[in-house]
Structures are given as structure tokens and as C-alpha cells.
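Examining the three-dimensional arrangement
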Amino acid sequence: DAKTTQPPSMDCAEGRAANLPCNHSTISGNEYVYWYRQIHSQGPQYIIHGLKNNETNEMASLIITEDRKSSTLILPHATLRDTAVYYCIVRVHPVMDSSYKLIFGSGTRLLVRP
Amino acid sequence: GAVVSQHPSWVICKSGTSVKIECRSLDFQATTMFWYRQFPKQSLMLMATSNEGSKATYEQGVEKDKFLINHASLTLSTLTVTSAHPEDSSFYICSATLSSYNEQFFGPGTRLTVL
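In this convention, every chain numbers its residues from 1, walking through the sequence in written order. Throughout, the order in which chains and ligands are written sets their labels, letters from A for the former and numbers from 1 for the latter. For this predicted model, a pLDDT threshold of at least 70 governs which residues receive local features, and a threshold of 80 or more governs which side-chain atom pairs are given and counted, while totals over whole chains, interfaces and linings are taken from all residues. Only heavy atoms go into the side-chain values, all of them from the structure, while hydrogens and water stay out.

Turning to the overall build of chain B, a few remarks are in order. The secondary structure listing takes helices from DSSP runs of H or I that are at least 4 residues long and strands from runs of E that are at least 2 residues long, numbered from the N terminus. Along chain B, the regular secondary structure elements total zero helices and 11 strands. The N-to-C order of helical and strand elements in chain B reads β-β-β-β-β-β-β-β-β-β-β. Radius of gyration means the value over C-alpha atoms here, while the globule rule gives 2.2 Å times the residue count to the 0.38 power. Its C-alpha atoms give chain B a radius of gyration of 13 Å, near enough to 13 Å, the size a compact globule of 115 residues would have. Principal-axis analysis of the C-alpha atoms places the extent of chain B at approximately 40 × 25 × 25 Å. Each residue is placed in one exposure class: buried if its accessible area under a 1.4 Å probe, protein chains only, is under 20% of its type's maximum, exposed if it is over 50%, and partly exposed if it falls in between. Sorting the 115 residues of chain B into buried and exposed places 50% on the buried side. Contact criterion: two residues are considered in contact whenever any of their non-hydrogen atoms come within 4.5 Å of each other. Taking contacts inside chain B between residues at least 6 apart in sequence as the whole, the part at least 24 apart equals 54%. Summed over its atoms, the accessible surface of chain B is roughly 5,600 Å², and 53% of this surface lies on carbon and sulfur atoms. Surface exposure here means Shrake-Rupley accessible area, sampled with a 1.4 Å probe, where a residue is shielded only by the protein chains that are shown.

Structure, rendered in C-alpha cells:
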């Protein structure tokens, strides 16, 4: 099962910041928080990831609370092309295996309004 | 980011036939590839993890004899849906990663329709 909970849907106006929350209260100390998004009928696209510090890249910013039990993805100036399902994922390392799995939850459907 | 391709992008087949889907990492060598399935209006469900040169590890509830996975090289993994039935109709997505410390890069997906 996914270790994250997200609101099923959100909307924001074009040009405004979109703030997408995620709860991961059972996260372990060495588990990362990853964000992906999926535009309709396409494969997921990597956005950003972090462990405990806030992170920023050309797409978004990731704010992780000090207790690491929740995080927020921020799209600073949302455009219509940002309409997608956004997935917050805690990266799981299976025991005795060097690879890792991404377990997708239900995600948040973000609608950017003109 | 790195590029992962899938072929075909869509396929329609008759019930009882087998369908092969290819997943390729185009500009990097993928030590691990993953296969997911996504039904309409649902999230991605991990089916199996595939490491080059070894047998795939299937998630609970996924039939390994139904969904054959081959990862013969560092740039190619294949998923064969054997004796496909209408309930196998779905969006199949692969992803690839260079190592356990890198993010997964996803392919564009393959839409399978079984008549």
C-alpha cells in the first residue's frame, strides 16, 4: 500500500502558485519523498525529490516539514499545461535488494483554470 | 532527463493471442526496469521489477506465467502478455533506472485492447 495521502483534487488559476500537500506520517528516516505527475494517457514525469531539506529545481519547489511527516509541492506559476495528476511517493527500499520500488497512491488531480 | 521508449504505443488483439511490449532506455544503461499497469481512472500498479540478466520479481497477485518479462540487455526489457483476454486490456507502462540512487524514468505507455 502507498504510504502517502493526498487530496483527490485541487484547482488553481493560471499564473498563480499551486500548492499540493502530501501526508506521509509513517515515513522512515532514510526514505525519500518523490513527486511525479501524469498528464492524461502519458507516462509519469519526474518532478522533484527530497530527503529532509527543501529542494528547488526548474519545475517546482519541495517543502518538507521538520518532522518529515508531510510535504508540499509548489508550482510557482501554474500554466494550463500543468493540469495533470500529481503523485507524492515515498521511496521504498526492499530488504536484501539494491533496487527500489515506487508505490503510487491515488494522487491529486490538479486543474489549472484559465 | 533520460529517455525511455515503448513499442508499440497501442495494440489491439484477439482474445487468446499473445502480445509483446518492448521497453528501451535510449541514452543510458538501465540496471533495473519496472513494469506497471494502469486501468482507466486508476493509479499505476507495479507489476514486476526486472534486473538485467536475472529473473523478474513479481508483485503479489501478478501471475508470472501470464506476464512474461525478459530483460536480456541493459537497454531492453520486454513484457509478453500470454493468452490475452479482455480483462487484460489496460495501459502498460515501463520505467527504467540507472541505479537504486537515481530516479525512475518512465516510458510513454502502451495501450492494450483485447477484443
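A separate point is the overall build of chain A. Of the regular secondary structure elements, chain A holds zero helices and 10 strands. Going residue by residue from the N terminus, the α and β elements of chain A occur as β-β-β-β-β-β-β-β-β-β. The C-alpha atoms of chain A give 14 Å as radius of gyration, which agrees with the globular expectation for 114 residues (13 Å, within 12%). The principal-axis extent of the C-alpha atoms belonging to chain A is close to 50 × 30 × 25 Å. Taken over 114 residues, chain A has a buried fraction of 44%. Put simply, of all contacts in chain A between residues at least 6 apart along the chain, 56% involve residues at least 24 apart. Accessible surface, chain A as shown: approximately 6,000 Å² in total, 50% of it carbon and sulfur. Neither His nor the chain ends contribute to the count of charged residues, in which Lys and Arg are positive and Asp and Glu negative. Each charge is placed at NZ for Lys, CZ for Arg, CG for Asp and CD for Glu. If the 11 positive side-chain charges of chain A are averaged to one point and the 10 negative ones to another, these points end up 2 Å apart.

So, about the pattern of salt bridges. Residues and elements named next belong to chain A. Only one rule defines a salt bridge in this text: a Lys or Arg side-chain nitrogen within 4 Å of an Asp or Glu carboxyl oxygen. Going through the model one piece at a time under the given rule, you end up with six salt bridges over all chains. Close ionic contact of E31 with K3 constitutes a salt bridge, the shortest N to O distance being 2.9 Å. Of the two residues, E31 is situated in the loop between strand 2 (18-23) and strand 3 (33-38) and K3 in the segment before strand 1 (9-13); the sequence distance between them amounts to 28 residues. Judged by relative accessible area, K3 falls into the partly exposed class, the value being 27%. The residue R113 makes a salt bridge to D11 at a minimum N-O spacing of 2.8 Å. Placement of R113 in strand 10 (residues 108-113) and of D11 in strand 1 is noted, with a sequence separation of 102 residues between them.

Quick look at the state of the cysteines now. Two cysteine sulfurs form a disulfide in these notes if their separation is within 2.5 Å. What the rule picks out here adds up to two disulfides over all chains. The disulfide partner of C22 of chain A is C88 of chain A, and the gap between their sulfur atoms is 2.1 Å. Here the disulfide of C22 of chain A and C88 of chain A is left-handed, its torsion about the S-S bond being about -80 degrees. Of this pair, C22 of chain A sits in strand 2 while C88 of chain A sits in strand 8 (residues 84-92); the two residues are 66 residues apart in sequence, bridging distant segments of the chain. Both residues of the pair, C22 of chain A and C88 of chain A, count as buried. Through a disulfide, C23 of chain B is tied to C94 of chain B; the S-S separation comes to 2.0 Å. One quick way to see it: the torsion about the S-S bond of C23 of chain B and C94 of chain B is about 80 degrees, and its sign makes the bridge right-handed. Taken as a pair, C23 of chain B in strand 3 (residues 19-25) and C94 of chain B in strand 9 (residues 90-97) lie far apart in primary sequence, 71 residues in all.

This part takes up the interface of chain B and chain A. Tallying the contact residues gives 24 residues for chain B and 20 residues for chain A. Two parts placed together each lose some accessible area under a 1.4 Å probe, and adding up what both lose gives the buried area. Both faces combined, the contact of chain B with chain A buries some 1,600 Å², and carbon together with sulfur accounts for 53% of it. Counting the contacts that link chain B with chain A gives one salt bridge. We note a salt bridge from E59 of chain B to K101 of chain A, for which the minimum N-O separation is 3.2 Å. Polar contact criterion, stated in full: a pair of N or O atoms within 3.5 Å, where within protein one must be able to donate a hydrogen and the other to accept it, and residues adjacent in sequence count only if both atoms are side-chain atoms. Scanning the region where chain B abuts chain A turns up four residue pairs in polar contact (both at pLDDT 80 or more). Every element with two or more residues in the side of chain B that touches chain A is listed here: strand 4 (32-38), strand 5 (45-51) and strand 9 of chain B. A total of four residues in the side of chain B that touches chain A trace back to one element, the largest contributor, which is strand 4 of chain B.

Another aspect to go through is the sheet that holds strand 6 (residues 61-64) of chain A. Residue and element names in this part refer to chain A. The rule for pairing is simple: two strands pair if DSSP sees at least two bridges between them. A sheet is described by the order of its strands in space; here four strands give the open sequence 2-7-6-5, paired in antiparallel fashion. Only two strands of the sheet have a single neighbouring strand rather than two, namely strand 2 and strand 5 (55-56). Examined bridge by bridge, strand 6 and strand 7 (residues 70-75) share four bridges and lie antiparallel to one another. By the bridge assignment, L62 is partnered in strand 7 with L73.

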